[in-house]
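Remarks on the overall topology
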Amino acid sequence: MKNKETNFGKLFLNTALVMLLAGILFGCLAAASYIWPGFIKDQLGFISMRPLHVSSALFWILLGATSCVYYALQAIFPGKVNAKLAWLQWGFWLIAIIGIYISYFTGNFGGREYWEFEPIWALPIAISWLLFLIQFFSIVMTHKHWPVYYYMWMTGIVFFLFIFIENYLWLLPYFNKSLIKDMTIQWKVNGSMVGAWNQILYGISFFLMDKISGDRKVGYSKIAFTMYFIGFFNLLFNWGHHIYTLPSLPYIRYIGYAVSMTEWIFFARTIYLWKHELINYHKHYAYFPYRFIMAANFWVFVNLTLALFMSIPAFNIYTHGTHVTVAHAMGTTIGINTMIILAATFNFQGKELEKGDGFLTQNYWILQIGLFILWVALLGAGLEKGIWQMQATRTLFAEMMAHLKPWFVLFFVGGLLTTLGILGLVIKLFKTQISVTRSHQNRNT
Amino acid sequence: MKPIYIFLLLCFAFLIYSFGIYFSPTEKGMSNNEDTLNIVAKGKMVWQKYNCQSCHQLYGLGGYLGPDLTNIVAQEGKGELFIKVMVQSGTKQMPAFKLSDEETSHLFVFLNEMNQTGNSDPRSFHIFSNGMIEPNEK
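Per the secondary structure count, chain A includes 16 helices and zero strands. Since a compact globule built from 445 residues should have a radius of gyration of about 22 Å, the 22 Å found for chain A is in line with a globular shape. Expressed along its principal axes, the backbone C-alpha trace of chain A runs to roughly 75 × 50 × 45 Å. Sorting the 445 residues of chain A into buried and exposed places 60% on the buried side. Restricting the contact set of chain A to residue pairs at least 6 apart, pairs at least 24 apart contribute 80%. A total accessible area of about 17,700 Å² is found for chain A, and carbon and sulfur atoms account for 70% of it.

In structure tokens form, the structure reads like this:
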């Protein structure tokens, strides 16, 4: 490898892992506000802790996805990565993260949900992503017959940039003055953006399965491309299910509803393939990274089921604006996105972590159980709120929230367990990296 | 058909859909007065500057710690003075914000305009047999 001294996958991964640790720390602090109202509200407060949690978690996913693509590119195309571009890309991310954290800690907001920081800090993220796009195309364009995961990475990288720019259309007065149109675009962005990073991550998952199974034909199969295009179609057009209650143009609701229903194809396929998957689970169980793929598959099934119901407006009216939406968001970002990144991460670390050990297995299960508790608690709180908001005579909002407290306590416990599990896995990853680096150094001296 | 052509076709359809939304007519209920709209935009910046969306929702979109504020100004006794007092004194959960009089006034105009756009109460929707929902006329 030409860039043997610089493993960019590792560089982005370690930055992503720091973001993951920050994300879970701020997540626990923010969740405490649900149990102890006003928790440190005059110091940092929920208004800072929530964006700190959300942005850190988002950056973990984005940097984690970037790291996986770099690991894969450096493995497939040795010596082709442009080191200067990659360093610049990382540098711009670093500038953005520092600026955004300062923005949150000093209480200088100005952005919107999920991107609450001062808009200026979006610029280094956009530049960094543009450099990633240039890097990606300059490498893969030399290859003629693309497997499906190249298409997935391309889709994710191109569309993230487009959608991220669209995310800031509100800076133009034309959009800013039009309240409903602006909210429509805001949720068009939020919906499609998830689809964009999912394309990168599902591409990673495909790449890993290709590698683990040793069957290179799968990446070129018709069924793989059919699934990719259904996913892409949903990325582009299904976001309308976020805004059924918004008085936007009616056709947006109908398109969102109709397109979302194509996801039943994924659902049917998952059911159809479960027996085959079960054989795979037994076959590859000893390979520790594969267990994260198993977990991701479980969470895909569970969240897809939930998403399908939430996409039906008649059901959505009960769950919209409730913690059911949060359950879905947590289930997908931790259950699916994080599991895929961890699968790739453990796979790319080399032989040291392939078998796993008692400590890893323990933390793996703490994470799964913790996440399940957290998910069920949010679902319970959400359904109870959903019933409350449809009642003819409602109690006060504060009374309803007080009534949900047992669910929030359960949510907090689930969150703590999830944190413990992740912490154990990350500590092991860092420890292994250090010991591998030391053994390399010893060998060289 | 080669995958790249399907990809480009979908991209083209997406661009048409997106630009159709960007240049769609202004929504019902919004003021036609340019001065009012400028204040509405300023009020929205106050909403974002103080990160109100962290706890509150508009049309069920936003945080979960506080109530939905889409139609707050339409509720009895919850006019500009109520909002001013709430924002400046805070609650057990909400910190006391130090908004200037001008900022409070802009925030109120924003919330007032938001109220004019429709009703966010899920009870006000009609559910059809095909699973679709439509808002009942306000």
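Moving on from the model shown.
Before going further, it helps to spend a moment on the overall build of chain B. In terms of helices and strands, chain B carries four helices and four strands. What you see in chain B, going N to C, is helices and strands ordered as α-α-β-β-α-α-β-β. For chain B, the C-alpha atoms occupy an extent of roughly 65 × 35 × 35 Å along the three principal directions. Counting all 138 residues of chain B, 51% fall into the buried class. Sequence-distant contacts in chain B: of pairs separated by 6 or more residues, those separated by 24 or more amount to 50%. Put simply, chain B shows about 7,000 Å² of open surface, and 60% of that area lies on carbon and sulfur atoms. The centroid of the 11 positive side-chain charges in chain B is displaced by 8 Å from the centroid of its 13 negative side-chain charges.

Here the focus is helix α3 (residues 83–105) of chain A. Residues and elements named next belong to chain A. Given a rise of 1.5 Å per residue, 23 residues ought to cover 33 Å, and the 33 Å separating the end C-alpha atoms of α3 matches this to within 8%. Within the sequence span of α3, burial applies to Leu-85, Ala-86, Gln-89, Trp-90, Trp-93, Ala-96, Ile-97, Gly-99, Ile-100, Tyr-101, Ser-103 and Tyr-104. One side-chain oxygen at the N-terminal end of α3 lies 3.1 Å from the backbone nitrogen of Lys-84; it belongs to Asn-82. Following α3 by one or two positions, Gly-107 has its phi on the positive side, about 75°.

The next point concerns the environment of Tyr251(A). Tracing the backbone shows Tyr251(A) in helix α9 (residues 250–260). The partly exposed category is assigned to Tyr251(A), whose relative accessible area is 35%. Distance in space between the C-alpha atoms of Tyr251(A) and Gly382(A) is 28 Å, their sequence separation being 131 residues. Contact partners of Tyr251(A), with chain neighbours within four places excluded, come to Tyr17(B), Gly20(B) and Ile21(B).

The residue Glu103(B) is located in helix α4 (residues 101–117) in this model. A polar atom in the side chain of Glu103(B) sits 2.8 Å from the side chain of Lys49(B).

Okay, a nonpolar patch on the surface next. On the surface, Tyr174(A), Leu15(B), Phe19(B) and Phe23(B) cluster together into a nonpolar patch covering about 410 Å² of accessible area. Looking at the element boundaries, Phe23(B) is found in the loop between α1 (3–22) and α2 (34–49). On the basis of relative accessible area, Phe23(B) is assigned to the exposed category, the value being 57%.

The subject of this paragraph is the packing of aromatic side chains. On inspection of all chains with the given rule, the structure shows 70 aromatic pairs over all chains. A cation sits over an aromatic face here: Arg394(A) above Trp388(A), 4.9 Å from the ring centre.

The biggest cluster of nonpolar side chains holds 186 residues, and the ones touching the most others in it are Phe59(A), Trp115(A), Trp153(A), Phe159(A), Phe232(A) and Leu111(B). The element best represented in this core is helix α2 (residues 46–76) of chain A, accounting for 18 residues. Setting aside anything within four residues of it in sequence, one finds Phe159(A) in contact with Ala196(A), Phe232(A), Leu235(A), Leu236(A), Phe7(B), Cys11(B) and Phe14(B). The next biggest cluster of nonpolar side chains, apart from the first, holds eight residues, and it includes Tyr244(A), Phe125(B), Met132(B) and Ile133(B).

Bringing the environment of Ala327(A) into the picture now. Residue and element names in this part refer to chain A. Along the chain, Ala-327 turns up in helix α13 (residues 323–348). What makes Ala-327 buried here is its relative accessible area of 0%. Along the chain, Ala-327 and Leu-306 lie 21 residues apart, while their C-alpha atoms are 9.2 Å from each other.

Right, let's get into the interface of chain A and chain B. Counting residues at the interface gives 78 residues for chain A, matched by 66 residues for chain B. Between chain A and chain B lies a buried interface of about 6,300 Å² when both sides are counted; carbon and sulfur atoms form 67% of it. In terms of surface lost to chain B, no three residues of chain A exceed Ile47(A), Lys177(A) and Leu179(A), which account for 11% of the buried area on that side. A salt bridge links Glu134(B) to Arg253(A); its shortest N-O distance comes to 2.7 Å. By residue number, the principal contributor to the side of chain A that touches chain B is helix α7 (residues 179–213) of chain A, which donates nine residues. Within the side of chain A that touches chain B, the residues separate by chemical class into 46 nonpolar, 19 polar and 13 charged.

For the rest of this paragraph, the subject is the confidence of the model for chain B. When pLDDT is averaged along chain B, the result is 92, and 99% of the positions lie at 70 or above. Scored as a complex, the prediction yields pTM 0.94 and ipTM 0.96.

On to the packing of helix α3 (residues 80–89) of chain B against α4(B). All names here are of chain B. In the contact formed by α3 and α4, the axes pass within 10 Å of each other and the chain directions differ by 125°. Judged by the angle between their axes, α3 and α4 are oblique. Both α3 and α4 take part in a crossing whose hand is right-handed. Two secondary-structure elements touch here, α3 through Glu-80, Ile-83, Lys-84, Val-87 and Gln-88 and α4 through Asp-101, Thr-104, Ser-105, Leu-107, Phe-108 and Leu-111.

In a structure, side chains of opposite charge can pair up when their charged atoms sit close to one another. Residues and elements named next belong to chain A. In this structure the tally under the stated criterion is eleven salt bridges over all chains. Arg-112 serves as the salt-bridge partner of Asp-182, at 2.7 Å between the closest nitrogen and oxygen. Placement of Asp-182 in helix α7 and of Arg-112 in the loop between α3 and α4 (122–140) is noted, with a sequence separation of 70 residues between them. When its relative accessible area of 6% is taken as the criterion, Arg-112 is described as buried.

Right, let's talk about the environment of Ala32(A) for a bit. Residue and element names in this part refer to chain A. Within the fold, Ala-32 resides in helix α1 (residues 8–35). According to the relative accessible area criterion, Ala-32 is buried, its value standing at 3%. Sequence separation between Ala-32 and Val-409 is 377 residues, and the spatial gap between their C-alpha atoms is 9.0 Å. Once residues lying within four places of it in the same chain are set aside, the contact partners of Ala-32 are Phe-39 and Phe-412.

The rules we used
- By convention here, each chain's residues receive numbers from 1 onward along its written sequence.
- As a convention, the first chain written is A and the first ligand written is 1, with the rest following in written order.
- Where local features are concerned, this predicted model is filtered to residues with pLDDT of at least 70; where side-chain atom pairs are given and counted, the filter is 80 or more; whole-chain, interface and lining totals use all residues.
- Calculation of side-chain values draws on the structure's entire complement of heavy atoms; hydrogens and water are dropped beforehand.
- Helix and strand definitions here come from DSSP, where helices need a minimum of 4 consecutive H or I residues and strands a minimum of 2 consecutive E residues; each element is numbered from the N-terminal end.
- It is over C-alpha atoms that the radius of gyration is taken, and the globule rule equals 2.2 Å times the number of residues to the power 0.38.
- Accessible area is worked out with a 1.4 Å probe on protein chains only. A residue is then buried under 20% of its type maximum, exposed over 50%, and partly exposed in between.
- The contact criterion used is simple: two residues touch if any of their non-hydrogen atoms lie within 4.5 Å.
- Note on areas: Shrake-Rupley, 1.4 Å probe, and residue coverage restricted to the protein chains presented here.
- Residues scored as charged are limited to Lys and Arg (positive) and Asp and Glu (negative), so that His and the chain ends carry no count.
- Working definition for charges: the position is that of NZ of Lys, CZ of Arg, CG of Asp or CD of Glu.
- Helices are assigned an expected span. That span is 1.5 Å times one less than the residue count.
- A 3.5 Å cut-off defines polar contacts: any pair of N or O atoms within that distance qualifies, except that in protein one atom must be a possible hydrogen donor and the other a possible acceptor, and neighbouring residues in sequence count only when both atoms are side-chain atoms.
- Surface patches are defined over residues having more than 30% relative accessible area and no salt bridge, joining like charges when they lie within 9 Å and nonpolar side chains (Val, Leu, Ile, Met, Phe, Trp, Tyr) when within 5 Å.
- A carboxyl oxygen of Asp or Glu within 4 Å of a side-chain nitrogen of Lys or Arg is what we treat as a salt bridge.
- The rule is short: rings of Phe, Tyr and Trp, with Trp giving its six-membered ring, pair when the centres are within 6.5 Å, and they are stacked under 30 degrees, edge-to-face over 60, tilted in between.
- Whether a charge sits over a ring depends on NZ of Lys or CZ of Arg being within 6 Å of the ring centre and within 35 degrees of the ring normal.
- We define the nonpolar core as a collection of buried residues of types Ala, Val, Leu, Ile, Met, Phe, Trp, Tyr and Cys that are connected through side-chain atoms lying within 4.5 Å of one another.
- In this description, buried area is defined as the sum, over both parts, of the accessible area (probe of 1.4 Å) that is lost when the two are combined.
- Note on residue classes: Ala, Val, Leu, Ile, Met, Phe, Trp, Tyr, Cys and Pro are nonpolar, Asp, Glu, Lys and Arg are charged, and everything else, Gly too, is polar.
- pLDDT expresses, on a scale from 0 to 100, how confident the predictor is about each individual residue.
- To define axes, lines are fitted to C-alpha atoms, for helices over the stretch in contact only, and angles between the resulting N-to-C directions are given on a 0 to 180 degree scale.
- Here the word oblique covers every angle except those under 35 degrees (roughly parallel), over 145 (roughly antiparallel) and from 65 to 115 (roughly perpendicular).
- Here a crossing is taken to be left-handed if its near helix is turned anticlockwise relative to the far helix by less than a right angle, and right-handed if that turn runs clockwise.

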